[in-house]
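# Fold and geometry: a report
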Amino acid sequence: MINSLLERKIEKRPDKVRLRGRILFLTEDPELIKSQLAGEDLPWDTRHPANNPKLRDDISTDEITPAHYCFYFDETLGEIPYLGLKCGGVTPIGRGDVKRGGFVCAVSGKRRGKGSSREQSPYAEMCAGIRVVIAENIERIYKQNCQNLGLLTSTNFSLIDRIRSGEEISLSEFTAGEDEITRQVIEYGGLFPFNVARMQGKVFLPSIQSDVTLGMAGQTRTYRQRPMTVAEKIFARHMISEKGEVGVASVRPGDTGFARADLRFSHEYVTPMAAIFFERYVGKEAKVNDPSTILFFRDHLTFLDEVISEEKKKLGLLDLATQLKLKQQDFAKKQGIRLHGELTDRKGSEGICHSIVLESYALPGQLNIGSDSHTPHVGAIGCVAFGIGTTDVFNSWITKDVRVRVPESVKIIIRGKKHPNVTAKDFILKILSLDYVRSGKALAKVMEYAGEAIEELSVDERATMTNMAAEIGGFTGIVAPDKKAVDFLVERRGMERSKAEAMVKGLYSDPGAQYAQVIELDAAEITPMVATPGDPGNGKYIRELNTPVPVEIAYGGTCTAGKNEDMDMYAAVLADALKQGKRVADSVKFFIQFGSQETRDYCLRKGYLEVFRKAGAQVIEPSCGACINAGPGVSTRSDQVVISAQNRNFPGRSGPGQMYLASPYTVAASAVAGYIVEYEPSQTKELVGA
């Protein structure tokens, strides 16, 4: 494999580009979008932005490529960009509209490409003819996926006039402000050609200089490495030096290079496309680098057949989903890669990738990469873990490393003692509602959680916080490993305590470590929260809801809320309800879905399945399920109200209904009450309504 790549001819793209085509402005007004699709070019005043129509902010990858259409992994994706884009309550873009429109550029507002790490989104745009995307700011994974594929990105709105005039534009306009490696990735037209050039010694890799402070001790000079955050320490251990060795003395934000990954994983949404890229660009008989450190998961689409519409079946989407499974199975077998797949004795999967990686694989101090934006889940155990796209996945199979620009860190300190009915989910919904996060200032930064209230959380609960660093738009989330992490490794993994304690040694942030921002919250001021429909950042205290909100569907599950301790919460609420002679309200369907078979076994041992059954909840085997519109618990009407413990409520992500996000306590209590409520144990207070 390596020899064939060493002989491959690789050239840079031209240093000037001329973008011939129209510009599609993704505005909040659906009629303006429809007029552009009909052939009318929208006027745009780059000198006086206040005169222009409002652009859509927060366009998620779910809206660019709705989940069901990601079953395609070829150029067919060019027919579907923006099919889920909602403007003014409608979806103005139909299948094939963008491709037929002759657009070369798409323009939007803040936080473009938030959400899922699916590379199908920029690939769909490219296949539709889009060559550059312009936005006020762009989410990290989406931007990196664009760069890896060769799609140009910019936050410079003055380019609009130059594109319209057909002017030649220097490639440096798109590399300005980027680090040395990213600049070269763009110049070579994508990550794979860059990596081939890297193997051939044609690219420049900047060295990482250890930063030292000079001090005096008598007449002797002493050197001290710069204080580092816990994440920076882990990056330093994994960055590849100029000599090709793994590990450098220290790193600082902005350092760029390649980091050796301890674990690489992907699921059936991404593996097939990555496998096709690998076979196309590297070779059908080529072997991946170190298959023992690669994992595959069949966890997303196990229950799809139960909820997919007849219309989508007629489009062949269910058959395409089956092909995803088969392609992953075949590639895993051919390459000798461990596949956590479907159950053989009943319907369901072994578990969601993030759940299994936390339960069985991730270790403190590791650097893990996965094909999913919620890969930071395992930061709860004290490792740096982050989501990557398809091109990064297949390149990591060749090189065993990943391109990294060391991010800045934000320290979020939650002090004091939380209320008994408040959970990690309430903490993260509060954080998501902060102006600092909603304005995009936290994008691509490490979220380091600390403080007494965080220290009191179990590893399962910490995982809710690190998991939803993805919703913040952060690079990753992490909690410095402590006694709770050691206990987790001993009790859940059977590890010797001395070995676990040695593993966490030194994994803390140094005094004097630098942060882009420090945010302090008082746990006592946080009461149970919901995120109102449309965005996880729409946080509101339940007691601030003006009128009762009746619910039809309650859903507890996903990687975020299908862990052991989440099951403790569902069971506590339902057991309490049964003691009062109550059960799930007749008007509500309550679904509880395990994150893994280990969690299912835990519920069996604790007797929870009987509690769930008696209370009227429907139990589902592990899968991502309703969270990605692919299992029981999805809404089917736009007027349906859903309360869910999952991580995202973007428009259309889990069906057309109105979804509120909440903690497991709140979801279960609302299922019993029939409307959104705070949970209070019966011995202290009856269920308290909004």
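Above: the structure in question.
In this report, we go over the structure that sits alongside the text. (Residues numbered from 1 in each chain as written. Predicted model: local features only at pLDDT ≥ 70, side-chain atom pairs only at ≥ 80, totals over all residues. Heavy atoms only, no water.)

## What about the pairing of strand β10 (residues 263-267)?
Counting buried residues in β10 gives five out of five residues, a clear majority hidden from the surface. Burial along β10 is two-sided: Leu263, Phe265 and His267 facing one way and Arg264 and Ser266 facing the other are all buried. Across three bridges, β10 lies against strand β13 (residues 367-370) in parallel orientation. By the bridge assignment, Arg264 is partnered in β13 with Ile369. Pairing analysis gives four bridges linking β10 to strand β11 (residues 294-297), with the strands arranged parallel. (Buried < 20%, exposed > 50% of the residue type's maximum accessible area, 1.4 Å probe, protein only. Helix = DSSP H or I, 4+ residues; strand = E, 2+ residues; numbered from the N terminus. Pairing = 2+ DSSP bridges.)

## Some details on the packing of aromatic side chains
Using the criterion set out here, one finds 22 aromatic pairs in the structure. Centroid distance Phe25 to Trp44: 4.3 Å. Interplanar angle 10 degrees. Geometry classified as stacked. On the criterion of sequence distance, the pair formed by Phe25 in strand β2 (residues 22-25) and Trp44 in the loop between α2 (30-37) and α3 (61-64) is long-range, its members being 19 residues apart. With relative accessibility at 0%, the residue Phe25 sits in the buried group. Exposure remark for Trp44: the relative accessible area of 12% places this residue in the buried category. These aromatic residues form a ring-pair network of at least three members: Tyr123, Phe192, Phe277, Tyr281 and Phe394. Lying over the aromatic face of Phe475, Arg140 brings its terminal NZ or CZ to 4.3 Å of the ring centre. Taking NZ or CZ as reference, Lys233 lies 3.9 Å from the ring centre of Tyr508, over its face. (Phe/Tyr/Trp six-rings, centres within 6.5 Å; stacked < 30°, edge-to-face > 60°. Lys NZ or Arg CZ within 6 Å of the ring centre and 35° of its normal.)

## Some words on the sheet that holds strand β17 (residues 446-450)
As summarised here, the arrangement of the four strands in space is β18-β17-β16-β19, forming an open sheet in which the pairing is parallel. For this open sheet the edge positions go to β18 (476-478) and β19 (517-522), each flanked by a neighbour on one side alone. With direction set aside, neighbouring strand axes in the sheet form an average angle of 20 degrees. The sheet contact formed by strand β16 (residues 409-415) and β19 spans six bridges and is parallel. Counterpart to Arg415 in the pairing with β19 is Asp522. Across the sheet, helix α17 (residues 424-432) touches β16, β17 and β19, and the angle it forms with β16 is around 130 degrees. (Axes fitted to C-alpha atoms, helices over the stretch in contact; angles between N-to-C directions. Contact = heavy atoms within 4.5 Å.)

## A closer look at the pattern of salt bridges
Per the stated rule, a full pass over the model turns up 51 salt bridges. A salt bridge links Lys110 to Glu136; the nearest nitrogen and oxygen atoms lie 3.5 Å apart. In this pair, Lys110 is assigned in the loop between β3 (103-107) and α5 (120-127) and Glu136 in the loop between β4 (132-134) and α6 (140-149), connecting sequence segments 26 residues apart. By relative accessible area, which is 40% here, Glu136 ends up partly exposed. One network of salt bridges, in which partners are shared, links Lys12, Glu180, Arg183 and Glu187. (Salt bridge = Lys/Arg side-chain N within 4 Å of Asp/Glu carboxyl O.)

## What about the packing of helix α26 (residues 597-606) against helix α27 (residues 608-615)?
To describe two helices that pack against each other, one gives the angle between their axes and the distance between the axes. Here α26 crosses α27 at 85 degrees, and the two axes come no closer than 5 Å. By the angle class used here, α26 and α27 are roughly perpendicular. Contacts from Tyr602, Cys603, Leu604 and Lys606 of α26 reach α27 at Tyr608, Leu609 and Phe612. Of the residues belonging to the contact of α26 with α27, the class tally is six nonpolar, no polar and one charged. (Parallel < 35°, antiparallel > 145°, perpendicular 65-115°, else oblique. Nonpolar A, V, L, I, M, F, W, Y, C, P; charged D, E, K, R; others polar.)

## Notes on the state of the cysteines
Evaluated as defined, the whole model comprises zero disulfides. Looking at the unpaired Cys87, the closest cysteine sulfur is the one in Cys105, lying at 16 Å. The structure places no disulfide on Cys105, whose sulfur is separated from the nearest cysteine sulfur, that of Cys146, by 12 Å. (Disulfide = S-S within 2.5 Å.)

## Brief notes about the layout of surface pockets
Its boundaries defined by the atoms lining it, the largest pocket holds a volume of some 830 Å³. Along its surface, the largest pocket is lined by 31 residues, and Arg140, Lys143, Glu178, Arg405 and Ala444 are the ones closest to its centre. For the lining of the largest pocket, the elements supplying multiple residues, two or more each, are α6, β5 (152-154), α8 (172-175) and β15 (401-405). Ranked by the residues each element gives to the lining of the largest pocket, the list is headed by α6, at four residues. Considered class by class, the residues forming the lining of the largest pocket number 11 nonpolar, 10 polar and 10 charged. Counted as a void, the second largest pocket has a volume near 670 Å³. Lining the second largest pocket are 26 residues, and of these Lys312, Asn629, Gly652, Gly655 and Pro656 lie nearest its centre. Elements represented by at least two residues in the lining of the second largest pocket include exactly α3 and α13 (310-314). The residue inventory of the lining of the second largest pocket, partitioned by class, reads 10 nonpolar, 10 polar and six charged. (1 Å grid on protein atoms, 1.4 Å probe; cavity = no way out; pocket = protein on both sides within 12 Å on 5 of 7 lines; lining within 4 Å. Points joined across faces, edges and corners; volume = space filled by probe spheres on them.)

## Details of the nonpolar core
Residues Phe386 and Trp397 are the most contacted members of the largest nonpolar core, which totals 80 residues. Excluding its chain neighbours within four sequence positions, the residues that come into contact with Trp397 are Arg264, Ser266, Thr271, Ala274, Ala275, Phe278, Val288, Asn289, Ile294, Phe296 and Phe331. (Core = buried A, V, L, I, M, F, W, Y, C linked by side-chain atoms within 4.5 Å.)

## A word on the sheet that holds strand β12 (residues 338-340)
Ordered by their spatial adjacency, five strands build an open sheet running β12-β11-β10-β13-β14, and the pairing between neighbours is parallel. Each edge of the open sheet is held by one strand with a lone partner, namely β12 and β14 (384-387). Each strand of the sheet is rotated relative to its neighbour by a mean of 20 degrees, with strand direction disregarded. Each of β10, β11 and β12 touches helix α14 (residues 317-335); the most contacted strand, β11, lies at about 155 degrees to it. Of the strands in this sheet, β10, β11 and β12 are in contact with helix α15 (residues 353-361), which crosses β10 at around 150 degrees.

## Structural notes on empty space enclosed by the protein
For the structure shown, the criterion picks out six cavities of 30 Å³ or more. Forming the boundary of the largest cavity are 23 residues, of which His267, His300, Asp372, Ile628 and Arg653 lie nearest the centre. The class makeup of the residues in the lining of the largest cavity is eight nonpolar, 11 polar and four charged. Of the pockets and cavities examined, the second largest cavity occupies roughly 120 Å³. Along its surface, the second largest cavity is lined by 15 residues, and Gly115, Glu139, Ile141, Ala470 and Gly474 are the ones closest to its centre. Broken down by class, the residue content of the lining of the second largest cavity amounts to five nonpolar, seven polar and three charged.

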